[in-house]
Structure formats: C-alpha cells, structure tokens
Amino acid sequence: MNTLAAISALGSPTFWMSLFMLIGIYSAVTMLLNVEAGWGGMWDLGIVGLLAIGSYTYTIVTNPPGEFDVVYSPGWPVWAGILAAMATTGIVAFLVGLPALRARREYFLIITFAFAEVFRQLAINVRDLTHGTVGFNSVARPFESFFEKDALRGVLLAVTWAAALLVYALTRRISRSGYGRALRAMRDNEPVALSLGIRVSWLRLQTFVLVGVAVGGVAPLYLWWLRYVAPSVFEPQFTFTAWTALVLGGIASRSGAVLGVGVLLLFTELVELIDVPPEFRNVHVAVHPLAIGLLLVLVLRFRPEGLLSERGTFGARARQTTALDGAGAAVASRLRRLSLRGDSGKEESS
Amino acid sequence: MQHVVFGLTTGGVLAAATVGFALIRQTENFLHIAHGQVLALGAYLSIILITNGGLNVFVAGLVAMVLTGILGVALGAVVFKPVADQGGNVLLFTSIGLAFVIYGAIIATFGTVLRKVPVGLGSRIEFSVTEFVLVLALAAALATLVGWMLANRARRAEHREVAGTWAGLWAARGTGLMLALITAAVLVTFVLATQSDGFGTGSHNGVDIATSELAMILMSLGAVLSLQFFLSLTRMGRWLRAAASNPSLAAVRGIPVRVVSGVVWFIGSALAAMAGVMIAVRRGGVTTPLGWENILVILSAAVLGGTGSIMGVMAAAVLLGLAMDVSALWIPTAYRLVVAFGALILVLLVRPEGLFSTRRRAEQAS
C-alpha cells in the first residue's frame, strides 16, 4: 500500500517537475557559492541570510495591498519585485561585506553565520513588515493569469532552468576571465596577488556583492517553488545543504556544484517520498540531516577534492597553455590542498 | 534587578559550555560546530535517565556527562583524528557534518516534539536589593583575590620581575574573571540607579533567585575554576597546555599526546553535557533546535573570550549572558540573540583577537 503510493508518485510528472525545479534553484545557489568560496576563498556560512533578504523583499513588495496585515505592501508587479530583491540583496551584501570581509579565516565564517541568524531573528521579530513566525502563505507568481495550473508549473520549471543556465554561463565566463584568475590567485596566495597589482579587498567586496545580487535574483525562483515565506525556511540547514553539495561535487569545480546538488537532492527527495508508518516518522524526518552530515564527513575523509575536482575545470586549459602539465597539475593540486587547509599558514594582513 | 540574576545564570551555564568549546579549539585547532549538538545530546540523555530511569536529577546529569564525555572521546578518535592533518577548515566542515549526524540521530530517537523535564526549579530565595549588591560585591572581591593569586602564580613562573605588582595583575590570566565580576557589579549599581522599582518581581522590592539557579551558577563556576586549577596545577594539565601550544614538541618530549587529546575531548564534551542538562532543567524542557540555538551563542562567547585563557572565556560568557538578559530592560527579549551576535560582530571588528586574549600583549612584549 505504502510502496504503491510511493511508486505512483514516482510516475507523476508533478513530483519530477518539482524535484527538478528544486535542483535548478539549489544548483544556481551552489554555483554562486562556488564563485565566492571555491574560487574566492571566502568561506561563507551565511548565504541563506542573503536568500532571506531577497525572499522577504520580493514578497513584501509584490504582495497585493491589504491582503496581509503589514505596514508596507505596494503591490508591485513581479518583474519589479525581482529587481527590488536583487537590488536590496546587493545593498545588504555590500553592507555586510564591508565589515565582514575585514575578518579572515574562521572569523569570516562566524560573522557570516551570525549575520544570517540575525536576519532570521529580525524576520521573526519585525512583525509589522514580515508577519512574524507565520510569514506569508502566498507568493505572487508570474504568468499566473496566462496558464493553467499544470502548464504554469512547466513554465516556471523552464524559467528556473534558464536562470540556472544563466548562472552557469556566468560562472563559466568568470572562470575563463582575468577576473576569475585574479580571484583564484587571491585565494591561493594573497601577498603575491597584492604584488601583482590585484586590489584584493576591492575584489573580495565586488565578488561578495555580485554573489549577493545573483542570490537576490534566485530568491524569487525559490519562492515560486515553495509558495510561502516564513523564518523557518531560512534556517542554517539551507546553507549547509548547499555546502554539502559543493563539497560533494568538488569545491572550485564548475560542474561539480550541479552534480553535487543533483546527487544530494535526488537522494533526499526520493526518501521524502517514501510513505512510512507513523512509528517511523521520526526516522524519516531525520534522514535529510543524517544524509547531509554523513556525506560531508565521509567525502572530506575519503575524497576531499570531491567527485569532480578543480583540476577537472581548470586542468585542461592549463595543459593547453603550458608545457609543464604534469608539474602544473601537481602544483595545482598542492595549492588546492593548501587552500582547503585554509590560510592557516598566513598571517592576517590587516 | 531580576534580569541580573537571569543574566548571571545564563552566563554561568554558557561559561560551562564555552569553556569546553574553547579547550577543544585550543588543543585541536578548529571550531567544533558539533559542540552545540553534543550539548543537546547531554540534555536528552539526562531526560531519558530522569523519566525512564527514575534517577535523581543530579545523578542523571552526572551519568549523562560521563556518557557524553566517553562519546566525545570516541568521536575525537574516530571522526576527527583521521582528518586532523588536513587542517582547520576540513576539521570544521567535518564538525558541521557531525553536527548534522547527531542532530539527525536526536530527531530519529526522540522526535521533534517538546520533551519535558519533570524537575522543578526549587524554592525561591528572596534578597533585598542591598543584600544582593552586597553579595555580588563580596563575590567580586573574592574573585579578585583569587584572580590576583592565580595571576601571581602564573606570572611568577614566567616573569619573576612583575609578580605581585599591579602591572603583573593586569597583564595576567586572572584578569578576565575579575573584569567580568567588576563589570557585573557596575552593571548592578547602574541598573539599581535607573530601575530601582524591582523589575519583574512585582510583590516585593528585591530580587529572588531559585535554588536551582543558584546551584547552576555555583556549579558552573566550580567546574570552570576546577578546570583552571586542573590546567595550572596538575601534571596532566601541564601536558595539556604543552600539547596545545606545540604538539610536535610535546610529542618529542614524551608527552602522551593521544591520551591528552582524549582527556580534552572528555572534558569538553562532559562540560557541554553539563550545560545541556542545566538548560533543560531551566527551561523545563527541550526541543530539537537546542543545539543550533546554542552553538551560535557559544561561538560568540568563545570568540569574545579570545584564545589563550580559560578565565577570559569564562568572563566573556558571563558578560554575554548579562548583556543578553540585562538588555531586556531596554530591548524586547525577542532580540536577545540579536544582541549577542551584534556584540560578537562588533568585537570581531574592533578587536578580532577577543576581549581577553593574551596574544597581542605577548606579541607587543616580544
């Protein structure tokens, strides 16, 4: 009976469309995280905070006036909402980045983590604007008047994947540009990067804000999938899911982010689908955190470079341009390990 | 006034949790994110022992501490030891992974519903404001004395020339505790001056404190102080500090580094469990987000305290607890976490090495 229900859900296009939409959204976020953390060396544990800012901005400005009991709901159209979400998130990323990027090593991690939690607490407590812990139970979606319910789902899926592809194209462009090389140089050896004329602190801030704006753009997609907004959505688990996917796929590898998200979400969502008797409900709920945790521990232990490594992304190009491909690869992998180890050997430059 | 009592209790419990975290941070060189989940595990263990085992709360707490401590040793050896060579970030992310594993295990075993602790807070002891301030002042004086003695002991061992002087006192390890308690006294008088109508107590013009709250403050203080004495006076403590400051040299000198690491994991995890039990008793129950809620505050307190001194960490924890609860006079209580993180972010920007770190002074001296 239960198995039958699960199998019938497996056959339903709704489930797969929903799953692929979620994979598209997480892929976009994880690829952006990769630009910031994998290439830029900024280990951000607060990406969910930026997502929260984008989400709340979008919902607040697009909600029809008077539907919710909040002080500000101008009822803007969807496109304006997306632009507003991107702009606000960019500004917030700038404001967070100014102080946070002065901190290095684990302190940056803690500050971003703390900021994300502060935003969530604010979302809970500034009730006049965010509707408190309840949040908003409806989200404005585009094309709602043009399409039927099922068709709309397909359209939104297409939009999501278009956005994910756009992010992929962006990261591909970055990886081949001087900007991307500067990022990686800065990550691997900051004094050398400085001596080469790279304006390190400006580059960091620029990247942080770029990622912020892009995450602000992804936020509405997430809401179209989720169809509600509440503080509980923006718990640290989102950040760590993206991080696990990134580590699993291979930090600093471009396609690794997508692969990692695919593998991780396919597994957790398929498990969610299984219908369990009530006495196993707890175990069922626990599978998601358990999977994230075990994967993270095991991958770091046995394959710290992930499924696809940075060499996969950059090795081929390096071989085209240099004759020392063996040595180059060795140096690259050495650098990779060094950067995974963090800046433990370096002193704070401030 | 009542908020000062709440703040001291919060701070005391936080100190027990943070000191363990700081110990692991010092010797193993990474941020142990799973510490919050270890704390939650301790709380849940004690709850089973009380409700199913029918044990007294103290016995249950002690058993939970020992069990969690043993688990900590196992985790240190099985999970963290194999990746120790790969450095801080890998260890940190392994710890995040472990946090999720423990979190998942807790959900799987106990479910997401509220688990009640069938233990009351005990009868309340009432103080008048004057008595309360006197007690605090006495405690501050006593702590200053102990801090001064400890400071001198430490200083005499390292730099004979400054022992016994105020400069030596100021520069040495007992300073943190002293500062915290002086600050507490200042805060009390300040609050006294502005809000003398007896906040939150209603019926009378004083302060009341539950016996369990008093017990929590005293036990945390006792635990942290005994840890301090353990580190400074015993041979194992010396080994531990040696292994923390230079593990390879310590190994060469014949110090059993693995044993030392095991001791660190045991103490750290057991202290976390102790804090967990206290939080569970204080709140009357626990829910699954317990670990995540606490790890951020623990991180804040540990960073505020800086590296290098147990007393500094403790002082930071007490200050943070006071800040979180005393700020309730002006800011709604819903914002207490925001206050804690705000303090953290501010301190990281102004003084990234922490409030009570000795590192910068050591660098300047050399």
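Conventions adopted
- Residues numbered from 1 in each chain as written.
- Chains lettered and ligands numbered in written order.
- Predicted model: local features only at pLDDT ≥ 70, side-chain atom pairs only at ≥ 80, totals over all residues.
- Helix = DSSP H or I, 4+ residues; strand = E, 2+ residues; numbered from the N terminus.
- Buried ≥ 20, exposed ≤ 12 C-beta atoms within 10 Å, placed from the backbone.
- Contact = placed C-beta atoms within 7 Å.
- pLDDT = per-residue confidence, 0-100.
- Nonpolar A, V, L, I, M, F, W, Y, C, P; charged D, E, K, R; others polar.
- Core = buried A, V, L, I, M, F, W, Y, C linked by C-beta atoms within 7 Å.
- Expected span 1.5 Å × (residues − 1).
- Axes fitted to C-alpha atoms, helices over the stretch in contact; angles between N-to-C directions.
- Parallel < 35°, antiparallel > 145°, perpendicular 65-115°, else oblique.
- Left-handed = near helix turned anticlockwise from the far one by under 90°.

Below, the discussion takes up the overall build of chain A. The number of helices and strands found in chain A is 15 helices and zero strands. Out of the 350 residues in chain A, the part that is buried amounts to 45%. Considering only contacts within chain A whose residues lie at least 6 apart along the sequence, 76% involve residues at least 24 apart.

Turning to the overall build of chain B, a few remarks are in order. In terms of helices and strands, chain B carries 15 helices and four strands. With 366 residues in all, chain B has 52% of them scored as buried. A separation of at least 24 residues holds for 78% of the contacts in chain B among residues at least 6 apart in sequence.

For the rest of this paragraph, the subject is the environment of Val96 of chain A. With respect to the secondary-structure elements, Val96 of chain A resides in helix H4 (residues 78-100). For the pair Val96 of chain A and Val29 of chain A, spaced 67 residues apart in the sequence, the C-alpha separation amounts to 18 Å.

This brings us to unusual backbone geometry. For Ala252 of chain A, which is not glycine, the phi dihedral falls at a positive 75 degrees. When you line up the elements, Ala252 of chain A lands in the loop between helix H11 (236-249) and helix H12 (254-273). Of note in this structure, Asn29 of chain B is not a glycine but carries a positive phi near 65 degrees. Here Asn29 of chain B is to be found in the loop between helix H1 (2-28) and helix H2 (35-51). On the basis of neighbour counts, which here come to 16 C-beta atoms within 10 Å, the residue Asn29 of chain B falls in the partly exposed class.

Let us look at the confidence of the model for chain B. Residue and element names in this part refer to chain B. On average, residues of chain B carry a pLDDT of 77, and 75% of them reach 70 or more. The element-level mean pLDDT for chain B is lowest in helix H6 (residues 166-171), coming to 45, with H2 highest at 91. Note on residues 196-204: pLDDT under 50 across the span, and 14 contacts to partners over four residues away in sequence or across chains. Across the whole predicted complex the pTM is 0.80, and at the interface the ipTM reaches 0.78.

Moving on, we get to the interface of chain A and chain B. Listed as interface residues are 36 residues of chain A and, on the opposing side, 39 residues of chain B. It is helix H13 (residues 281-302) of chain A that provides the largest number of residues to the side of chain A that touches chain B, a total of 13 residues. Taken together, the residues of the side of chain A that touches chain B break down into 25 nonpolar, six polar and five charged.

Our focus in this paragraph is the environment of Ala37 of chain A. Residues and elements named next belong to chain A. Considering the arrangement of structural elements, one finds Ala37 in helix H2 (residues 13-39). A tally of 24 C-beta atoms within 10 Å means that Ala37 is categorised as buried. The spacing of Ala37 and Ala252 is 215 residues in sequence and 7.8 Å in space, taken between C-alpha atoms. Apart from the residues lying within four places of it in its own chain, the contact partners of Ala37 are Met42, Trp43 and Asp44.

Residue and element names in this part refer to chain B. One finds Val19 and Leu320 to be the most contacted residues of the largest nonpolar core, which totals 206 residues. Here the element with the most residues in this core is helix H11 (residues 257-283); it accounts for 17 residues. Excluding residues that lie within four positions of it along the chain, Leu320 makes contacts with Gly11, Leu14, Ser300, Ala301, Leu304, Ala340 and Ala343.

Working note: α-helix, 3.6 residues per turn, so residues spaced by three or four point in the same direction. The end-to-end C-alpha distance of helix H10 (residues 200-226) of chain A is 38 Å, a good match for the 39 Å that 27 residues give at a rise of 1.5 Å each. Just beyond H10 of chain A, the residue with positive phi is Arg227 of chain A, at close to 70 degrees.

On to the packing of helix H12 (residues 290-305) of chain B against helix H13 (residues 310-326) of chain B, then. A pair of packed helices is characterised by two quantities: the angle between their axes and the separation of those axes. All names here are of chain B. Following both chains from N to C, one finds H12 and H13 inclined at 130 degrees, their axes separated by 8 Å at the closest point. The pairing of H12 with H13 is recorded here as oblique in orientation. Crossing of H12 against H13: the hand is right-handed. Seen from H12, the contacting residues are Ser300, Ala301, Ala302, Leu304 and Gly305; seen from H13, they are Gly312, Val313, Ala315, Ala316, Ala317 and Leu320. Here the residues of the contact of H12 with H13 sort into eight nonpolar, three polar and no charged.

Residue and element names in this part refer to chain A. Running from N to C, H12 and H13 cross one another at 155 degrees; their axes reach a closest spacing of 10 Å. Relative to H13, H12 is oriented roughly antiparallel. Crossing hand, H12 versus H13: right-handed. Where H12 abuts H13, its residues Leu264, Phe267, Thr268 and Val271 lie against Val287, His288, Ala291 and Leu295.

Before going further, it helps to spend a moment on the confidence of the model for chain A. Residues and elements named next belong to chain A. Averaged over every residue, the pLDDT of chain A is 81; residues scoring 70 or more account for 85%. Between the elements of chain A, mean pLDDT differs from a low of 53, seen in helix H15 (residues 325-340), to a high of 92, seen in helix H3 (residues 47-62). Here residues 321-328 scores under 50 on pLDDT; set against residues more than four positions off or in separate chains, the count is four contacts. Across residues 341-350, where pLDDT falls below 50, the model places 15 contacts with residues more than four positions away in sequence or in other chains.

What follows covers the environment of Ser95 of chain B. Residues and elements named next belong to chain B. With respect to the element layout, Ser95 can be found in helix H4 (residues 88-110). On the neighbour-count criterion, Ser95 (24 C-beta atoms within 10 Å) is buried. Considered as a pair, Ser95 and Pro118 are 23 residues apart in the sequence and their alpha carbons are 32 Å apart. When sequence neighbours within four positions are dropped, the list of residues in contact with Ser95 reads Phe30, His32, Ile33 and Ala34.

All names here are of chain B. With 16 residues, H12 extends 22 Å between its outermost C-alpha atoms, agreeing within 8% with the 22 Å of an ideal straight helix rising 1.5 Å per residue. In terms of burial, H12 is largely enclosed, as 14 of its 16 residues are buried. Gly306 sits one or two positions beyond H12 and adopts a positive phi of about 75 degrees.

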